Amino acid sequence: MTQAAQPDFVARPVDVGAVERELTRLWSRPKPGPLSEEPVTRACMSNLIVYCANDADASFAQEEIADIVQRHPARVLLLVGSAGEQPSDLEAYVSAVCFTAGAGRQICSENVTISAHESARRRLPATARSLLIGDLPTALWWTPANPPPSGGELFGELAAMARHVIYDSEGWADPVRGVVSLAGWVAGAGSSAIVSDLAWRRLSPWRRLIGQALDPALEPGALDAIDEVEIEHGPHALPKAWLLIGWLAARLGWRPVGARVSPGDQIAWSFDSEPGSVRVTARRQAQGDPVLRRTSIGWRGASGRVCTTFSLGRAGWIAVDRPGAFASQRILARGDLTRAALVTRQLPKLFRDPVFRDALAVSRAMAEALVR
Amino acid sequence: MLETTSHNPLTAGLSHTLLPEPCSIVIFGGAGDLSRRKLVPALYNLMLDGLLPAGIAIVGFARTDLDDARFRQLARAGIEKHSRRPLEEPAWSAFEKRLFFVRGPFGEASSYADLAKRLEAIEPGCGVPGNRIFYLSVPPSAMGTCVEGLRGAGLVRAGAARPFSRIIVEKPIGRDLASAQALNDGLAASFREDQIFRIDHYLGKETVQNLLVMRFANAIFEPLWNHKYVDHVQITVAEEEGVGTRAGYYEEAGALRDMVQNHILQILCLTAMEPPWTLSADVVRDHKLEVLSCLRSISGSDALRSVVRAQYGSGVHRGVEVPGYRREPNVRPDSVTETYVAIEAYIDNWRWAGVPFFLRTGKRMPRRASEIAVQFKGVPPILFNADAASPLEANVLALRIQPDEGISLRVATKLPGPKVRIFPVKMDFRYGTTFGEQSPEAYERLLLDVMAGDATLFMRRDAVEASWRWVTNILEAWEDAATRWLPEYSAGTWGPLEAEKLIQSPLRNWRTP
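Residues numbered from 1 in each chain as written. Chains lettered and ligands numbered in written order. Predicted model: local features only at pLDDT ≥ 70, side-chain atom pairs only at ≥ 80, totals over all residues. Heavy atoms only, no water.

Some points on the overall build of chain B
Test applied: Only DSSP runs of H or I with at least four residues qualify as helices, and only runs of E with at least two residues qualify as strands; both kinds are numbered from the N terminus onward. Atoms counted for the radius of gyration: C-alpha only. Globule rule: 2.2 Å times the number of residues to the power 0.38. For each residue, the accessible area found with a 1.4 Å probe, counting protein chains only, is set against the maximum for its type, and the residue is called buried under 20%, exposed over 50%, and partly exposed in between.
For chain B, the helix and strand inventory stands at 14 helices and 16 strands. Here the C-alpha atoms of chain B give a radius of gyration of 24 Å, agreeing with the 24 Å that 2.2 N^0.38 yields for 513 residues. Taken along its principal axes, the extent of the C-alpha atoms in chain B is 80 × 55 × 45 Å. By residue count, 57% of the 513 residues in chain B fall in the buried class.

A closer look at the pattern of salt bridges
Our working rule: Between Lys or Arg on one side and Asp or Glu on the other, a salt bridge is scored when a side-chain nitrogen of the former is within 4 Å of a carboxyl oxygen of the latter.
In this structure the tally under the stated criterion is 52 salt bridges over all chains. Note that Glu232 of chain A and Arg283 of chain A form a salt bridge whose closest N and O atoms lie 3.8 Å from each other. Separated by 51 residues along the polypeptide, Glu232 of chain A in strand E11 (residues 226–233) and Arg283 of chain A in strand E14 (residues 277–284) bring together distant segments of the chain. Lys363 of chain B is the partner of Glu239 of chain B in a salt bridge, and the nearest nitrogen-oxygen pair spans 3.0 Å. You can see Glu239 of chain B sitting in the loop between strand E7 (230–238) and helix H8 (247–272) and its partner Lys363 of chain B sitting in the loop between strand E11 (356–362) and strand E12 (369–376), a full 124 residues away along the chain. The structure contains a network of salt bridges with shared partners spanning Asp282, Arg285, Asp286, Arg460 and Asp462 of chain B.

A look at helix H7 (residues 206–216) of chain B
Burial within H7 of chain B is extensive, with eight of its eleven residues counted as buried. Of all the positions in H7 of chain B, only Thr207, Val208, Gln209, Asn210, Leu211, Leu212, Met214 and Arg215 of chain B are classed as buried.

Some words on the state of the cysteines
Two cysteines, two sulfur atoms, one covalent bond between them: this is a disulfide. Stated formally: The definition used for a disulfide is geometric: two cysteine sulfur atoms within 2.5 Å.
Applying the stated rule across the entire model yields one disulfide over all chains. Linked covalently through their sulfurs, Cys98 of chain A and Cys108 of chain A form a disulfide whose S-S length is 2.1 Å. Around the S-S axis, the bridge from Cys98 of chain A to Cys108 of chain A shows a dihedral of about 110° and counts as right-handed. A residue pair is termed long-range when its members are at least 10 positions apart, and Cys98 of chain A in strand E6 (residues 90–100) and Cys108 of chain A in strand E7 (residues 106–116) qualify at ten residues. What makes Cys98 of chain A buried here is its relative accessible area of 0%. For Cys108 of chain A, a relative accessible area of 1% translates into the label buried. There is no disulfide at Cys52 of chain A, and the cysteine sulfur nearest it, in Cys44 of chain A, is 19 Å away. Counting only cysteine sulfurs, Cys23 of chain B is the nearest neighbor of Cys146 of chain B, a cysteine outside any disulfide, at a range of 19 Å.

Considering the sheet that holds strand E3 (residues 99–103) of chain B
Residues and elements named next belong to chain B. Our working rule: At least two bridges found by DSSP between two strands are what make those strands a pair. Inter-axis angles, ranging from 0 to 180 degrees, are taken between N-to-C directions of lines fitted to C-alpha atoms, where helices are fitted over the stretch in contact.
Overall, parallel pairing links the six strands, which are arranged E3-E2-E1-E4-E5-E6 in an open sheet. Of all the strands in the sheet, just E3 and strand E6 (196–199) have a single pairing partner and so form its edges. The sheet shows a mean angle of 20° between the axes of neighbouring strands, taken without regard to direction. Judged from the four bridges that link them, strand E5 (residues 165–170) and E6 form a sheet pairing that is parallel. Looking across to E6, one finds that Glu170 is bridged to Ile199.

Quick notes on the domain arrangement of chain B
The condition is simple: The split into domains, and so the bounds of each, comes from an automatic or database assignment of domains.
The assigned domain composition of chain B is domain 1 (9–172) and domain 2 (204–377 + 393–409 + 455–503). Spacing between the C-alpha centres of domain 1 of chain B and domain 2 of chain B amounts to 32 Å.

Notes on the environment of Ala69 of chain B
All names here are of chain B. Tracing the chain through its elements places Ala69 in helix H2 (residues 68–82). Here Ala69 falls in the partly exposed class, since its relative accessible area comes to 44%. For the pair Ala69 and Gly453, spaced 384 residues apart in sequence, the C-alpha to C-alpha distance is 31 Å.

Quick notes on the packing of aromatic side chains
The cut-off we apply is this: Think of it this way: a Phe, Tyr or Trp ring, Trp meaning its six-membered ring, pairs with another when their centres are within 6.5 Å, and the plane angle makes it stacked under 30 degrees, edge-to-face over 60, tilted otherwise. Note on criteria: charge over ring means Lys NZ or Arg CZ within 6 Å of the ring centre, with the direction from the centre no more than 35 degrees off the ring normal.
Counting across every chain of the model gives 23 aromatic pairs over all chains. With centroids separated by 5.8 Å and ring planes inclined at 15°, the aromatic side chains of Tyr167 of chain A and Trp172 of chain A adopt a geometry described as stacked. Taking relative accessible area as the criterion, Trp172 of chain A reaches 4% and is therefore assigned buried. Seen from their ring centres, Tyr312 of chain B and Tyr489 of chain B are 6.4 Å apart, and the 70° between their planes marks the pair as edge-to-face. Remark: Tyr489 of chain B occurs in strand E16 (residues 488–491) and Tyr312 of chain B occurs in strand E8 (residues 307–317); sequence separation between them is 177 residues. By relative accessible area, Tyr489 of chain B is classed as buried at 3%. An aromatic cluster is present here, built from Phe28, Phe61, Phe106, Tyr112 and Phe134 of chain B joined pairwise through their rings. Sitting above the plane of the Phe100 of chain B ring, Arg72 of chain B keeps its charged end 5.5 Å from the centroid. The aromatic ring of Phe164 of chain B is capped on one face by Arg166 of chain B, whose charged end is 3.6 Å from the ring centroid.

Comments concerning the nonpolar core
What counts, and what does not: We define the nonpolar core as a collection of buried residues of types Ala, Val, Leu, Ile, Met, Phe, Trp, Tyr and Cys that are connected through side-chain atoms lying within 4.5 Å of one another. Any two residues whose heavy atoms approach within 4.5 Å are treated as being in contact.
In terms of nonpolar packing, the biggest core is built from 157 residues, with Phe28, Phe95, Ile343 and Trp470 of chain B touching the most fellow members. In terms of residue count, the dominant contributor to this core is H8 of chain B (13 residues). Structurally, this core is a two-domain feature, drawing no fewer than three residues from each of domain 1 (9–172) and domain 2 (204–377 + 393–409 + 455–503) of chain B. Contacts of Ile343 of chain B, omitting those with residues within four sequence positions, involve Leu256, Val260, Ile298, Ser306, Val307, Phe357, Phe358, Leu359, Trp470, Ile474 and Leu502 of chain B. Within the second largest apolar cluster, 87 residues are counted, among which are Leu90, Ile210, Phe356 and Met366 of chain A.

Some details on the environment of Ala92 of chain A
All names here are of chain A. With respect to the helices, strands and loops of the structure, Ala92 is situated in strand E6. Expressed as a C-alpha distance, the spacing of Ala92 and Val14, which sit 78 residues apart in the sequence, is 5.5 Å. Ignoring sequence-local partners within four residues, the contact set of Ala92 consists of Arg12, Pro13, Val14, Val16, Val19, Thr113 and Ile114.

Here's what the structure looks like:
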């Protein structure tokens, strides 16, 4: 349907105070390049504030933004918190990102980059605030690989002007403290705040498949009888494993009662549940991508011990293996799990996700059990 | 649209909360066009999205000489050509294992015995606990035979019993009120109403579903949605194609039966219905039925005044000369089958008293377009609208169903400059450019609904018969008319002059959708 997005204009440095005027000018001058004959539609579903800690991250984010606005046209405010060589303390660039959407139409989004020298970082929120388009939802995508609350006042101010905060817990260096601080911030952020973790979105195919494979219609009684869960994950994927466990526990009514870190990069939790106790283990592999590799769920069935294993296969397919049962034939595509694709899918979801919040709350209890 | 209650807490919050149950889907006419172009690709896409239940078997059933392997080849070709997403080998490899074929003529009891035997053999291995959906992609004349065959072979389970039996039937449901009733009686002899899913793929389209959202999730429209503010409503379903290879069917049907009785009246219902208090299937369908019950009957001489029928003559389509309807293959040279119909209809209730609904459908129109356009009343003739000779154009809210699904609103604005000059501009919202996401095909949504047992988007017997009752009056008036002459319109135009006269007034014209 669409051609690849491309920056239609070379980003022009402009005075920070003149950004709005430059945006207006953007739409009134002839468009250069091969698309110049096509009518241009300026499209905007949201304000999207993207915060990056440095130039390298911002450069990577720019490429992702081009993908995002193809499916979710937005006014993008890319804020760079610690720019390198800065001729002035705040610097702004304005550009448009356009793509052709069939029938000779060009759809364009506005892209404003504001880079701040360390000393000027605290002025970023106020600068961004003046550039938001009214009557449109505002989302903050916090890209640094640390928990958003660690951004302190800067994060607080940016989050306050956004209806929707998106972050990614994949890669957090200290998931235990990260989960505790994040869950604390979410709990205090008020009931209307929409908070999305991209790592949680990456779990959707796992959740869907686990939900289907253990459905009472297929496995009567399984959900009430689970007593063992084992997860293997790659480096930096512990928050994801954590969330998956939090989700299972929240949905099935398990309460964490203890946790133990074992040598060999293994964490074990014990949960209380209505029928008995559940033992959960998360085991980190030494190498590989930051993904969940395998999840085994065991229970005592009517005719003995049963175990269903979900494992990540080639080409991103997740397969179910349930020895002796039909479910072994089931697979599911993980789909496009790049950050850009996940942010794109998350942006239109302007509603709270109580299942995520519940999972996060249990994750927090799991973390607290660990540091107790 | 609806969320079903589940006893599986692990499915809470997942993007599609409809819970399709493990089942076999038996496609009667499984080797046919609909199956290859729409049904199998729809099921494949549902699997890609992880929406098919874990236990599923898809069984093609037809007299065509195929086996499992050849049916799978056919299905693969259908997906490669018609799926909205490309065929991926790992997915196909999992999908094809669920495809089976049973060969047999629909008129022979042994075919159904074979089908029953095959289902019994397949289902345990596919994780299907005996739930069955029978999709009758067959001509109406074969429906009764198929239903009797199913019942005779013990393939129909009564009512709400588990495992369930459900049946999907395609339009046309009959060709007039009497035949629709007979067909429904035939279905009712074997299936309870809540087991019957009468499909109208229009109702699975995003924009049609969005009608209710737009009306009842926005505070600004509903207060204006009545006779006080609405001047008239136009519903257009225009086809670009001629009769093509469907002459055999179309000669017996015509535009009124083919389009108005189902698609257009269903859209009319969603446009005009009162707010339902819940989105449960029966409440929504009760409210739609109310609209049909309030449709003013058009019979006798009214039918000649309020309805225009016509037939396309030769003309130019996309720069190419095309023949008139009567010169199409398999069409009688003296055919009086209408390929175009325009109707001025009224809904006699409090909300819509006196508001005309102009309904229009035709073949060989300049382009394919379906839309609902609500034209509001003009502003008072003072200030900017004081010149009676050139009144301001009224506001129009148009909902495009296809192509380019979206919504537009025509509003008056001031042209830049020192003088006050008014110009109508269009505020345009398109699904394709706003959301970027690809909408699922209508059949994906509808098949999922049947698997989940949600009948909201399907036609209930009483509504089908109410719409046939209204349409049959017109058909009978045409039968009784002294003349059988039909106006002609050139292929590639928006219809005959008579249709212009039907709507024309200083502020009313057919829109160019």
